[in-house]
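# An overview of the molecular structure
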Amino acid sequence: MDILNLGCGNHQLPNAIGCDIDPNAAAADVVCDLNRVPYPFRDNQFALVVCQDILEHLDNIPAAMAELHRILQPNGVVRIRVPHYTSMDAYGDPTHRRFLSTRSFDFCTEGEPSPPGLRSSARFRRVKRKIAFYRIYRILGVASLANRFPQRWEGHAAFIFPAQYMLFELEAIKD
């Protein structure tokens, strides 16, 4: 199996290894604390890593992204779903440690500027970035405009037209 489902909980992905901190998680094949690196996987082991609603719970996202880069095969993909900082879901869960924006993964994305003092040796190429909205904002066309101009939307209208979550697909760049 070359698919890893991090923070799987009870959600089993077909043909994937499930990993969770909870030993009682129904889909967990491997139990580990994702705040502790290194993860118990080999270098270049996975073609796909799925991180659905997990990264916002971690202490150190740059360390997690470095580990994901390490365990991904060359050109392997990490699929990330996280709540946008304007989402009711971002603040409604007291276990969330981070509130994320469309630029939260720029520090490790090729061609994007890193925030001062934050450099990562793990490099990814952005394949996809999508801001998902509640139905009413999709009908009104806000979703289309926000995805076309994400920085303008975040800077001027994000709290007027809040998002639900964001989807990222990042491809590992390895020499």
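Let me sum up the structure you'll find in this document. The shown structure was predicted, so the numbers you read here are calculated from the model rather than taken from an experiment. (Residues numbered from 1 in each chain as written. Predicted model: local features only at pLDDT ≥ 70, side-chain atom pairs only at ≥ 80, totals over all residues. Heavy atoms only, no water.)

## What to know about the overall build of the chain
Quick note on the threshold: What counts as a helix is a DSSP run of H or I of at least four residues, what counts as a strand is a run of E of at least two, and both are numbered from the N terminus. Residue contacts are defined here by distance: any two heavy atoms, one from each residue, within 4.5 Å place the two residues in contact. We get accessible surface area from the Shrake-Rupley algorithm with a probe of 1.4 Å; when it comes to residues, only the shown protein chains can shield them. For the charge count, each Lys or Arg is scored as positive and each Asp or Glu as negative, with His and the chain ends excluded. A charged residue contributes its charge at one atom only: NZ of Lys, CZ of Arg, CG of Asp or CD of Glu.
Regarding its fold elements, the chain presents 5 helices and 7 strands. Reading the helices (α) and strands (β) of the chain from amino to carboxyl end gives β-β-β-β-α-β-α-β-α-α-α-β. For the chain, the C-alpha atoms occupy an extent of roughly 45 × 40 × 30 Å along the three principal directions. Across the chain, contacts joining residues at least 24 apart in sequence account for 64% of those joining residues at least 6 apart. Accessible surface, the chain: about 9,400 Å² in total, of which carbon and sulfur atoms supply 51%. The average position of the 20 basic charges and that of the 19 acidic charges among the side chains of the chain differ by 8 Å.

## Some points on the sheet that holds strand E7 (residues 163-173)
Here is the rule: Strand pairing is defined by DSSP finding a minimum of two bridges between the two strands.
Pairing is mixed across the open sheet formed by 7 strands, whose spatial order is E3-E2-E1-E4-E5-E7-E6. Where the open sheet ends on each side, the last strands, each with one partner, are strand E3 (30-31) and strand E6 (123-133). Bridge count for strand E1 (residues 3-6) against strand E4 (residues 46-52) is 4 bridges, and the pairing is parallel. Counterpart to Asn5 in the pairing with E4 is Val50.

## Some thoughts on unusual backbone geometry
Note the cis peptide between Val37 and Pro38, where omega equals 5 degrees. Structurally, Pro38 can be placed in the loop between E3 and E4. Although it is not a glycine, Asn44 sits at a positive phi angle of roughly 55 degrees.

## Quick look at the pairing of E4
Heads up, the condition is: Any residue under 20% of the maximum accessible area for its type is buried, any over 50% is exposed, and the rest in between are partly exposed; the area is computed with a 1.4 Å probe on protein chains only.
Most of E4 sits out of view: 5 of its 7 residues are buried. Taken together, the 6 bridges between E4 and strand E5 (residues 72-83) define a ladder with parallel strand orientation. Residue pairing across strands places Val50 opposite Arg79, the latter belonging to E5.

## Some remarks on the packing of aromatic side chains
Selection criterion: By convention, a stacked pair of Phe, Tyr or Trp rings (six-membered ring in the case of Trp) has centres within 6.5 Å and planes under 30 degrees apart, an edge-to-face pair has planes over 60 apart, and any other such pair is tilted.
One pass over the full model with this rule turns up 6 aromatic pairs. Ring plane angle 70 degrees and centroid distance 4.9 Å describe the contact between Phe105 and Phe168, whose orientation is recorded as edge-to-face. On the criterion of sequence distance, the pair formed by Phe105 in the loop between helix H2 (88-92) and E6 and Phe168 in strand E7 is long-range, its members being 63 residues apart. Here the two residues Phe105 and Phe168 agree in accessibility, since each one is buried.

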